[in-house]
Amino acid sequence: MRLIPAILVLFIFTILTDINVLAQEASAYRIERLPLNSGQFSDISPAIISDGIIFCSDRRTRAIVDRTSFDNRRLYNIYIAERKDTSGWARPLEIKSERSSLFNSGPLCIAPDGRTVYFTSEIETGEPSRSRRFRNSSGIFRGTLTGDEIISIQPFKYNNPDYNAGQPSVSPDGKYLFFASDMPGGMGGSDIYYCESADGEWLEPVNLGRLVNSSDADNYPFMHSSGRLFFSSGRQGGAGGLDVWYTVFADSSWEDPVRLSEPINSPGDDFAFVAQPDLQNGYFSSNRLRNDDIYQFVTTIIRKVSCTPLEKNNYCYEFVEENAVKYDTMPFRYDWKFGDGNNASGPRVEHCYSGPGTYNVQLDVINLVTNEVTVNEKNETLVVEDIIQPYISCPEVYDAGQAVRLSADSTNLPGWDVTSYYWNFGDETIATGRNVEKSFNKPGTYNIQLIVTSRPDSNGRAREACVSKDVLIRQKP
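Given the structure is predicted, the values throughout are model-derived calculations rather than measurements.

Calculation rules
Residues numbered from 1 in each chain as written. Predicted model: local features only at pLDDT ≥ 70, side-chain atom pairs only at ≥ 80, totals over all residues. Heavy atoms only, no water. Salt bridge = Lys/Arg side-chain N within 4 Å of Asp/Glu carboxyl O. Helix = DSSP H or I, 4+ residues; strand = E, 2+ residues; numbered from the N terminus. Buried < 20%, exposed > 50% of the residue type's maximum accessible area, 1.4 Å probe, protein only. Pairing = 2+ DSSP bridges. Core = buried A, V, L, I, M, F, W, Y, C linked by side-chain atoms within 4.5 Å. Phe/Tyr/Trp six-rings, centres within 6.5 Å; stacked < 30°, edge-to-face > 60°. Lys NZ or Arg CZ within 6 Å of the ring centre and 35° of its normal. Axes fitted to C-alpha atoms, helices over the stretch in contact; angles between N-to-C directions. pLDDT = per-residue confidence, 0-100. Contact = heavy atoms within 4.5 Å.

**Student:** Where do I start with the pattern of salt bridges in this structure?
**Tutor:** Two side chains with opposite charge may pair up if their charged atoms get near one another. Going through the model one piece at a time under the given rule, you end up with 20 salt bridges. Measuring nitrogen to oxygen at the nearest pair gives 2.6 Å for the salt bridge that ties Asp43 to Arg59. Within this pair, whereas Asp43 is found in strand E4 (residues 43–49), its partner Arg59 is found in the loop between strand E5 (52–57) and strand E6 (77–82), the two being separated by 16 residues in sequence. Owing to a relative accessible area of 15%, Arg59 belongs among the buried residues under this scheme. For Asp399, the salt bridge identified is with Arg474, shortest N-O distance 3.0 Å.

Below, the structure is given as structure tokens:
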């Protein structure tokens, strides 16, 4: 008698890795307020450079002399702060320009060449701007960053005294300039626009449309190398004030924005989000502690590059009497007893067990000519086992917005003292625990990873295993 599993593939995870057992993380991010913040003044809009950040601040530059505009508003200027080491920051230094003493400078972004900068400042610099009753408009300016100075400043061709434009962000490939503006024809208080570069010139501004822009204020765009456009908005669905959202351009249109989770967003204003290329860390601004301050974030998300696709446990087998198959003209009947109360007849049969277990499989042979019965012609013990792996139990298809329970109860890792079940849902959200609940807001296919960690052994080493499963989220009818 030959037993052939219909599908039987075993993966045994024996890789030992030095890891820390995960704590119960409530969020995908860890944040800290930077020590370079000025305290009673505002510090906003960081831009990442190789050894630190460039940011805006209306801080006092000298103990006695304060710097204000013609209408007595505090002036923002641009500063650079370099890292001294992995945890410390050098004292911020002012980046000066011909506008520093009388006009706002910033927010600022840096073009891919590392020298060309775009920043926000007032459009009118002549005699009218010196009147306290004059309401100046903001525009975008281009310059060259040389050391601690911006030189060769030129205005953006679409600046207009009738509306504001600012908060520029150049795409990593230099082809697009994103900015916020309250120009006529928008969706709300301010909208996000982009200009495409052609032959060294910026083409006409294009509004990103109603899927991205809302009836509220949408501003502080940041185009990331991943293709995600991060921005801030006061739209409905946020935690309060401005929140950080992102969208992606796919299939010739911008997708519905996704709001970042806490603690990046808070009941206060959270804005001016920027991130490193790998999205593992970055900075943003927030007034959650009364003043506008700059915060650093580090993702707590674990996403394995190599994670074995989940294998469904298979309990179906084919049972074959080889002699009968070889000599199929012989007048015999073959009766199989599968050890679970089920029977079948034939020289080749299939049977599916309900689950793991130890089963005694018996073959009785009946001579159809003499009616002689040979009981227990073959008798074997069959051990049916689950595949050795973590296991994700959840529907493979469900609707957007539907809350679904995901379970790791069927995990089969013999000999493991499991201490952590870590879920990565493929949408920048995570959870920990053996059983969790999750709803996806956007349709699409998501790759869920379950990472299981054991208690460290006497040498301080723990075992870790990862499986993944794709789920399809449909548009809710």
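Back to the text.
**Student:** Explain the pairing of strand E31 (residues 373–384) to me, please; I cannot follow it from the model alone.
**Tutor:** Across a regular strand the side chains alternate sides, sitting on one face of the sheet and then on the other. Two elements, strand E30 (residues 357–367) and E31, share 9 bridges in a ladder whose sense is antiparallel. Its bridge partner being in E31, Thr358 is matched across the sheet by Val383. Here E30 folds back onto E31 in antiparallel fashion, the turn holding 5 residues, of which Asn371 has a positive phi close to 65 degrees.

**Student:** For this particular structure, what's the right way to read the nonpolar core?
**Tutor:** Core analysis: the biggest nonpolar cluster contains 29 residues, and Ile53, Leu260, Ile264 and Phe273 have the highest contact counts within it. If you list the elements that add at least two residues to this core, you get E5, E6, strand E19 (243–250), strand E22 (270–275), strand E23 (281–289) and strand E24 (291–299). Judged by nonpolar contacts, the second largest core, of 25 residues, contains Ala400, Leu406, Tyr421 and Leu450.

**Student:** Got a minute to help me understand unusual backbone geometry in this structure?
**Tutor:** Excluding glycine, residues mostly have negative phi values, and the peptide bonds linking residues are mostly trans. The amide bond that connects Gly106 to the next residue, Pro107, takes the cis arrangement and shows omega of 5 degrees. Examined against the element boundaries, Pro107 turns out to sit in the loop between strand E7 (93–95) and strand E8 (108–110). In this model, Glu262 is joined to Pro263 through a cis peptide bond whose omega is 5 degrees. Tracing the backbone through its elements, the reader meets Pro263 in the loop between strand E21 (258–259) and E22. Even without being a glycine, Ser45 presents a positive backbone phi close to 55 degrees. Mapped onto the secondary structure, Ser45 falls in strand E4. Owing to a relative accessible area of 5%, Ser45 belongs among the buried residues under this scheme. Unlike most non-glycine residues, Ser152 shows phi in positive territory, near 55 degrees. As for its placement among the helices and strands, Ser152 is situated in strand E11 (residues 149–155).

**Student:** I keep staring at the packing of aromatic side chains and nothing clicks. Help me out?
**Tutor:** The way to describe two aromatic rings as a pair is by their centre distance and the angle between their planes. One pass over the structure, following the stated rule, counts 28 aromatic pairs. For the ring pair Phe156 and Phe179, a centre distance of 5.6 Å and an interplane angle of 75 degrees mean the geometry is edge-to-face. With a gap of 23 residues between them, Phe156 in the loop between E11 and strand E12 (165–170) and Phe179 in strand E13 (residues 176–181) connect regions that are remote in the sequence. Accessibility assignment for this pair places Phe156 and Phe179 in one class, buried. Plain terms: the ring middles of Phe179 and Tyr193 are 5.9 Å apart, the flat faces sit at 15 degrees to each other, and that makes the pair stacked. Taken together, the residues Phe179 in strand E13 and Tyr193 in strand E14 (residues 191–198) connect sequence positions 14 residues apart. Residue Phe179 shares its accessibility class with Tyr193, and that shared class is buried. Through a chain of ring-to-ring contacts, the aromatic side chains of Tyr29, Phe222, Phe230, Tyr246, Phe273 and Phe297 assemble into a single cluster. Stacked on the ring of Tyr79, the Lys or Arg Arg59 has its end atom at 5.4 Å from the ring centre. Sitting above the plane of the Trp245 ring, Arg235 keeps its charged end 5.4 Å from the centroid.

**Student:** Help me understand the sheet that holds E6, please; the structure alone is not making it clear to me.
**Tutor:** Adjacent strands of a sheet form backbone hydrogen bonds with each other and so pair up, either parallel or antiparallel. With respect to topology, 4 strands assemble into an open sheet ordered E4-E5-E6-E7, the strand pairing being antiparallel. The open sheet has two edge strands, E4 and E7, and neither has a second partner. Averaged over all pairs of adjacent strands, the angle between strand axes in this sheet comes to 30 degrees, irrespective of strand direction. Sheet topology note: the E5/E6 ladder contains 6 bridges and is antiparallel. From the neighbouring strand, Phe55 faces E6, where its bridge partner is Tyr79.

**Student:** Could you clarify how one ought to interpret the confidence of the model for the protein in this entry?
**Tutor:** Caution applies to low-pLDDT parts of the model: their predicted coordinates are not meant to be read in detail. This prediction gives the protein a mean pLDDT of 87; 88% of its residues lie at or above 70. Of the regions scoring below 50 in pLDDT, residues 1–26 engages in 64 contacts with residues more than four places distant in sequence or in other chains. The low-confidence segment residues 63–72 (pLDDT under 50) makes 25 contacts with residues lying over four places distant or belonging to another chain.

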